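# Survey of secondary and tertiary structure
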Amino acid sequence: MDLATFTIGIGVAFLMGSAVGIERQFHQHPVGLRTTALVSVGAALFVSLSRLMDHDASPTRIAAQVVSGVGFLGGGAILREGLNVRGITTAATLWCSAALGTLAGTGFLVEGALGTGIILVANLGLRPLSRWIDARAKGAVNVETNYRITVVCPDQDEAVIRGLLARHVSARRTMLIQRIATEDADQAGKTAVLADISSTIRDDQAMEGLISRINIEPTITSVSWERVSQLAS
């Protein structure tokens, strides 16, 4: 495989990964624009290495082990903070870096440099586009949105609050309760009722109305809502 074929291959992989990532980013999924672009480029780099070398050459077999081994290493960079996932792009960058290392270690320095440039474009050049998509998605109303409601109430009123949440949410055709759970509140004798809600559209006004209705209950200590990127499983 010549240099032109190599360049076209990783360039097309970058564009295709970016195209998929734009859709994921707009719908506010944890795996967004830069992550999909990086994974697509990394896969193209690993496959290109096998095409650059003799199929019976041992470095190709070693590279295959690097693909899986670094995948486990990258998993350690992914953290979950509440309902949000962080570090996926870092893990994808680490995986791509392994691809660059295999290219450099087998003597394909120019190809490795081209791969480095594409990865930098994905991380630096796509960041403004990613933020722009996030801003547009947050202002859109026809985007599937996940909410979490937290209600702090006396222990004996837990069942009542669950019933209120189920009744008011079910009255909204676009909303569905995915999970209701309870946690110990910081105050003695109090319970925190947590409701994860999925909505086919973004409807913050409906959430405010829902909170207002629930807050009428005299025994409720506090009630709040927030948008979350991913519902707990």
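That block above? That's the structure.
Residues numbered from 1 in each chain as written. Predicted model: local features only at pLDDT ≥ 70, side-chain atom pairs only at ≥ 80, totals over all residues. Heavy atoms only, no water.

## Here's the deal with the pattern of salt bridges
Taken as a whole and judged by the stated rule, the model has 4 salt bridges. As a salt-bridge pair, Arg 179 and Asp 196 come within 3.1 Å of each other at their nearest N and O atoms. In this pair, Arg 179 sits in strand 4 (residues 175-184) while Asp 196 sits in strand 5 (residues 190-199), placing the two residues 17 residues apart along the sequence. Note on Asp 196: relative accessible area 1%, which makes it buried. Connected via shared salt-bridge partners are Arg 148, Arg 179 and Asp 196. (Salt bridge = Lys/Arg side-chain N within 4 Å of Asp/Glu carboxyl O. Helix = DSSP H or I, 4+ residues; strand = E, 2+ residues; numbered from the N terminus. Buried < 20%, exposed > 50% of the residue type's maximum accessible area, 1.4 Å probe, protein only.)

## A short note on the pairing of strand 3 (residues 145-154)
Within strand 3, 9 of the 10 residues are buried, leaving the element largely enclosed by the surrounding structure. Note: strand 3 against strand 5, 10 bridges, orientation antiparallel. Paired with Thr 145 across the bridge in strand 5 is Ser 199. As paired elements, strand 3 and strand 6 (residues 222-228) share 7 bridges and run antiparallel to each other. Note that in strand 6 the partner of Val 151 across the bridge is Val 223. (Pairing = 2+ DSSP bridges.)

## Brief notes about the sheet that holds strand 3
Pairing is antiparallel in the open sheet, where 4 strands are placed in the order 4-5-3-6. Here the strands that pair on one side only, and so sit at the sheet edges, are strand 4 and strand 6. For this sheet, the mean inter-axis angle between neighbouring strands, taken without regard to orientation, is 20°. Where helix 6 (residues 158-170) meets the sheet, its contacts fall on strand 3, strand 4 and strand 5, and the angle it forms with strand 4 comes to roughly 165°. Against the sheet, helix 7 (residues 204-215) engages strand 3, strand 4, strand 5 and strand 6, with an angle of about 160° to strand 6. (Axes fitted to C-alpha atoms, helices over the stretch in contact; angles between N-to-C directions. Contact = heavy atoms within 4.5 Å.)

## A word on the packing of helix 6 against helix 7
As a packed pair, helix 6 and helix 7 sit with axes 11 Å apart at the nearest point and diverge in direction by 145°. By crossing handedness, the relation of helix 6 to helix 7 is classed as right-handed. Between helix 6 and helix 7, the residues in contact are Leu 165, His 168 and Val 169 and Leu 210, Arg 213 and Ile 214, respectively. Across the contact of helix 6 with helix 7, the residue classes tally to 4 nonpolar, 1 polar and 1 charged. (Left-handed = near helix turned anticlockwise from the far one by under 90°. Nonpolar A, V, L, I, M, F, W, Y, C, P; charged D, E, K, R; others polar.)

## Describing the side chain of Arg 148
By the secondary structure assignment, Arg 148 is in strand 3. Here the side chain of Arg 148 touches Asp 196 through a polar contact of 2.8 Å, side chain to side chain. (Polar contact = N/O pair within 3.5 Å; in protein donor to acceptor, adjacent residues only side chain to side chain.)

## Observations concerning the nonpolar core
Judged by nonpolar contacts, the single largest core of 27 residues is most densely connected at Phe 14, Leu 45, Leu 103 and Ile 119. Elements represented by at least two residues in this core include exactly helix 1 (3-26), helix 2 (33-52), helix 4 (88-105) and helix 5 (109-139). In terms of residues, this core owes the most to one element, helix 2, which gives 9 residues. Beyond its immediate sequence surroundings of up to four residues, Phe 14 is in contact with Ala 37, Ser 40, Val 41, Ile 118, Val 121, Ala 122 and Leu 126. Counting 19 residues, the second largest nonpolar core, distinct from the first, contains Tyr 147, Cys 153, Leu 164 and Ala 195. (Core = buried A, V, L, I, M, F, W, Y, C linked by side-chain atoms within 4.5 Å.)

## Re the pairing of strand 4
The pairing of strand 4 with strand 5 spans 9 bridges and is classified as antiparallel. When the bridges of strand 5 are listed, Ile 180 appears paired with Ala 195.

## Details of the environment of Glu 208
With respect to the secondary-structure elements, Glu 208 resides in helix 7. Classification of Glu 208 as partly exposed rests on a relative accessible area of 42%. Along the backbone, Glu 208 and Ser 224 are 16 residues apart, and their C-alpha atoms lie at a distance of 9.0 Å.

## Structural notes on helix 6
Spanning 13 residues, helix 6 covers 18 Å between terminal C-alpha atoms, matching the ideal 18 Å at 1.5 Å per step. Here helix 6 has its buried residues at Ile 161, Leu 164, Leu 165, His 168 and Val 169. Down the axis, helix 6 shows its buried residues gathered within 110° of arc, on one side only. Turned more than 90 degrees off the buried face of helix 6, the exposed positions are Ala 159 and Ser 170. Those residues of helix 6 that are buried are in contact with strand 3, strand 4, strand 5 and helix 7. (Expected span 1.5 Å × (residues − 1). Arc of directions from axis to C-beta.)

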